[in-house]
Amino acid sequence: MLIREILKTAPAAAVMEVKGWVRTRRDAGGLSFIEINDGSCLGNLQIVAQSDMDNFETLIRKLTTGCAVRFTGKLAASPAKGQDVEFQAESVEVYGWSPAESYPLQKKRHSFEFLRNVPHLRPRTNSIGSVMRIRGRLAIAIGRFFEEQGFVQVHTPVISTSDCEGAGEMFSVTTPGPGSGGGESPCSTDFFGRPAGLTVSGQLEAEAYALALGRVYTFGPTFRAENSHTSRHLAEFWMVEPEMAFCDLDEDIDLAEKFLKFLIADVLDNCREDLELFTKFVDKDLRNRLETVTARAFARTTYGEAVRILAKSGKKFEYPISWGADFQAEHEKFLTEEVFGKPTVVTDYPASIKPFYMRLNDDGKTVAAMDVLFPAIGEIIGGSRREDRYAVLEKRMAERNIDPDAYRWYLDLRRYGSAPHAGFGMGFERLVQFVTGMANIRDVIPFPRTAGRA
RNA sequence: UCCCCUGUAGCUCAGUCGGUAGAGCAGGUGGCUGUUAACCACCUUGUCGGCGGUUCGAAUCCGUCCGGGGGAGCCA
C-alpha cells in the first residue's frame, strides 16, 4: 500500500506492509521513531519500533537517512501531535543501506544549488519530489485538455533539418554514415547526407499534420544551443505546440487562455499538499496568484496600444520603447504587474521582429502574432496565425534570405489545399515554474542541461 | 557573448587592519519509554577552488584560469 493511501486510512488490527526510504530516525530511550517516504506523496509515515522487536539493535538502531526498507505492522492512532496515524512495526527488512558518512542528503534543508550537484539523488528531497509530482500531473493534464478539445497528439521528429528561423541555435547531429569515406564536406558523407540537428521547434511539422488532421499538438523535448546563463533558459526543455486548421488569431488566443486556466485549475485541485509546500517555503502568495489566473479574464491589447501605454506611463525604462522595438523584460513586467495586474495577451507585433511564418496583416506592417505574458515570469506562450498565402510566404522568405529549397515541403502546404491555421508554443518548464513559484528553471526538470553541463 | 556577485569542514556560513582556521547543522560515541529540524554530554572533520606574484608572513592584496549564481542579450 502506498503511503499516500495509508495516511488516509483508518487504524485497524490487520497486519499490513509498507516500503519506502528512511527520511529520519529519532530514538527515545527504548523506542525508535522512523519516518519513511515512498514518493507517492509529500508526507512521511511515522514508524514506531519498540525495543523488544526482533532486530531492534541490529537493524532498527542502524537505520539512517536514505535506507530502503520494508516494514510489516499495524496502523494505529497516534497518541502524539504531528500525525493522525502511525505504523507500529512488527518486523523490518532492509533492502539497501545508506552509509551516513557519505550519503550527500542530510535530514535538513539543502540549497537548490547544492542539490543540482546530485541530480540523481535530489528527487528524494521534499521540494524536488513535490516539483516533479506537479510536473507529472501537468503533463497528464495537457493530454487530457487536448483530448477533450478534439486534438490528435502527433510526435514530431527530434532530429530535424529545419532551423525554424528565429528560434535560436541548433545542436548539430553528426555521425559517420554508410557512405562515409572521408570526403571533404563532412555532411555529404554523414549519416543523413545533409546537415541535421536537434529540433528547435516542432511547429512546422505540426502545421503539416494540422492541415490534414485538423487539430493537433506536439509535446516533447526541444533543444537550443544558446550559451545563456539565466534562471529561465535550458539547452534541453519541453514544449507544447498545438496547431489548428481553420483557426484565426482570436480563436488561437481563446484556446491559449482556456488551456492555461485548465492546467492551473487541475493542479489546484489535485496537488493541494505539494502546492502547500511551495506556498509555505517558496512564495507565500502563490496559491492566491494561481487562483487569480483561473478566475479572471486575461487582458488583451495590441502591440501598438501597449507601446503607447508604456510611452505615456512616465516611467523611466532602461531601454526606451518606440514602435518597432521588441519589448524588454522590464516592459513585460510593467504591463502585467502594474498596468493590467494579470496575465496579458499582446497581439499584432511588427513583422520585422517576428519570424517569416507569421501571417502578415492587411496593414502590411504587423503580423497576426500573440504573446501571453504572465506576471513574474514574462512570456509563457507565443503564437500566431500562420501565413497561408503562397506568394506572401515566398516573398517574406526571400526578404530574409531563406533558401526556398530548404522549405519546399513547407511551401507545398500552401500550394495544395492551403487553409487558415494558427497555433502556439508553450515552454513547459516555464509553466512548472509559474505553478510552483520555483525561481530557477534548472530545478523544475529532472536532469537539467545547460551550457557546460550535461 | 557581455556585465555583476561568489568559491573557507559533508551542508549553511563567519573570519575586522595581512599574523597561520571558527560556529551551527551533519557524522561518531554515550544517555533518555512518545519523538516531530527531538533533546543532553563528549569527540572527529580543512589542498581556505587551481596556478603564479607581492610580502618576513596571504583565506585576506594583485594577476590569471576554472567552477557556481544573478542579470542582459536571445528566447520558451
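Residues numbered from 1 in each chain as written. Chains lettered and ligands numbered in written order. Predicted model: local features only at pLDDT ≥ 70, side-chain atom pairs only at ≥ 80, totals over all residues. Heavy atoms only, no water.

Around RNA strand B there are 47 residues in total, and K81, E86, Q328, R430 and N440 lie nearest to it. The sugar and phosphate moieties of RNA strand B supply 49% of its atoms located within 4 Å of the protein. Within the backbone of A28, an N or O atom sits 3.5 Å from a sugar or linking oxygen of RNA strand B. Within the side chain of E86, a nitrogen or oxygen atom sits 2.3 Å from a base nitrogen of RNA strand B. Listed by contribution, the elements that provide at least two residues to the surface near RNA strand B are β1 (16–28), β2 (31–37), α2 (112–115), β10 (236–245) and β14 (378–385). Looking at which element gives the most residues to the surface near RNA strand B, the answer is β1, with 4 residues. Partitioning the surface near RNA strand B into residue classes produces 14 nonpolar, 19 polar and 14 charged. (Near = heavy atom within 4 Å. Polar contact = N/O pair within 3.5 Å; in protein donor to acceptor, adjacent residues only side chain to side chain. Helix = DSSP H or I, 4+ residues; strand = E, 2+ residues; numbered from the N terminus. Nonpolar A, V, L, I, M, F, W, Y, C, P; charged D, E, K, R; others polar.)

The next point concerns the layout of surface pockets. Empty space among the atoms becomes visible once a probe the size of a water molecule is rolled across them. Looking at the second largest pocket, its volume works out to about 840 Å³. In terms of lining residues, the second largest pocket is bounded by 31 residues, among which R23, T125, N126, S127 and L277 are the most central. For the lining of the second largest pocket, the elements supplying multiple residues, two or more each, are β1, α2, α3 (126–148) and α6 (272–281). The greatest single-element share of the lining of the second largest pocket, amounting to 6 residues, is contributed by α6. Of the residues contributing to the lining of the second largest pocket, the split by class is 11 nonpolar, 11 polar and 9 charged. Here the lining of the second largest pocket spans two domains, and each of domain 1 (3–96) and domain 2 (122–443) adds at least three residues to it. (1 Å grid on protein atoms, 1.4 Å probe; cavity = no way out; pocket = protein on both sides within 12 Å on 5 of 7 lines; lining within 4 Å. Points joined across faces, edges and corners; volume = space filled by probe spheres on them. Domains from an automatic or database assignment.)

This model, assessed by the stated rule, comprises 29 salt bridges. For the salt bridge of R414 with E207, the shortest nitrogen-to-oxygen distance reads 2.7 Å. Linking R414 in helix α11 (residues 408–415) with E207 in helix α4 (residues 203–213), this pair joins segments that are 207 residues apart in sequence. For the residue pair R414 and E207, the accessibility class agrees, reading buried in each case. Overlapping salt bridges bring together E17, K19, R70 and E93 as one network. (Salt bridge = Lys/Arg side-chain N within 4 Å of Asp/Glu carboxyl O. Buried < 20%, exposed > 50% of the residue type's maximum accessible area, 1.4 Å probe, protein only.)

Taken residue by residue, α6 has D274, L275, L277, F278 and T279 as its buried positions. The inward-facing, buried residues of α6 abut α3, α5 (249–270), α7 (286–295) and α12 (428–436). (Contact = heavy atoms within 4.5 Å.)

The next thing to look at is the domain arrangement of chain A. Domain boundaries in chain A define domain 1 (3–96) and domain 2 (122–443). The gap between the C-alpha centroids of domain 1 and domain 2 is 46 Å. The interface is formed by 8 residues belonging to domain 1 together with 8 residues belonging to domain 2. Taken over both partners, the interface formed by domain 1 and domain 2 buries close to 620 Å², and the fraction arising from carbon and sulfur atoms is 43%. At the boundary of domain 1 and domain 2, one finds 0 salt bridges. Counting the contacts that link domain 1 with domain 2 gives 5 residue pairs in polar contact (both at pLDDT 80 or more). Tallied by class, the residues present in the side of domain 1 that touches domain 2 amount to 3 nonpolar, 4 polar and 1 charged. (Buried area = accessible area lost by both parts, 1.4 Å probe.)

Turning to helix α8 (residues 303–312), a few remarks are in order. Regarding α8, the residues found buried are Y303, G304, A306, V307 and L310. Along the axis of α8, the buried residues cluster in a sector spanning 160°; they form a single face. Every exposed residue of α8 that faces more than 90 degrees away from the buried side is listed here: R308 and K312. Lining the buried residues of α8 we find β11 (299–302), α9 (329–339) and β12 (344–347). Backbone geometry just downstream of α8 places G314 in the positive-phi region, at approximately 80°. (Arc of directions from axis to C-beta.)

The next point concerns the side chain of T347. As for its placement among the helices and strands, T347 is situated in strand β12. Setting aside its immediate chain neighbours within four residues, T347 contacts L249, I253, T301, T302, Y303, A369 and M370.

Among the nonpolar cores identified, the biggest contains 62 residues, and I142, F259, V372, F374, I381 and M426 are the most heavily contacted of them. Here this core gets 10 residues from one element, more than from any other, and that element is α5. The residues contacting I142, other than those within four sequence positions of it, are Y217, F219, V240, F259, L263, M426 and F428. (Core = buried A, V, L, I, M, F, W, Y, C linked by side-chain atoms within 4.5 Å.)

Right, let's talk about the side chain of N37 for a bit. Along the polypeptide, N37 turns up in strand β2. Polar side-chain contacts of N37 include one of 2.8 Å to the backbone nitrogen of G39. Within the structure, N37 has its side chain in polar contact with the side chain of N44 (distance 3.0 Å). Apart from the residues lying within four places of it in its own chain, the contact partners of N37 are I3, G20, W21, R23, L42, G43 and N44.

What follows deals with the sheet that holds strand β3 (residues 45–50). Reading around the circumference, β1-β2-β3-β5-β4 is the order of the 5 strands in this closed barrel, with mixed pairing throughout. Each neighbouring strand pair of the sheet contributes to a mean axis angle of 50°, computed without reference to strand direction. Of the pairings in the sheet, the one linking β1 to β2 comprises 7 bridges and is antiparallel in character. Looking at the pairing, D27 lines up with S32 of β2. (Pairing = 2+ DSSP bridges. Axes fitted to C-alpha atoms, helices over the stretch in contact; angles between N-to-C directions.)

Attention now goes to the packing of aromatic side chains. For the structure shown, the criterion picks out 21 aromatic pairs. Plain terms: the ring middles of F327 and Y349 are 6.0 Å apart, the flat faces sit at 70° to each other, and that makes the pair edge-to-face. With F327 in the loop between α8 and α9 and Y349 in the loop between β12 and β13 (369–374), this residue pair connects regions lying 22 residues apart in the sequence. Judged on exposure class, the residue F327 and its partner Y349 are both buried. (Phe/Tyr/Trp six-rings, centres within 6.5 Å; stacked < 30°, edge-to-face > 60°.)

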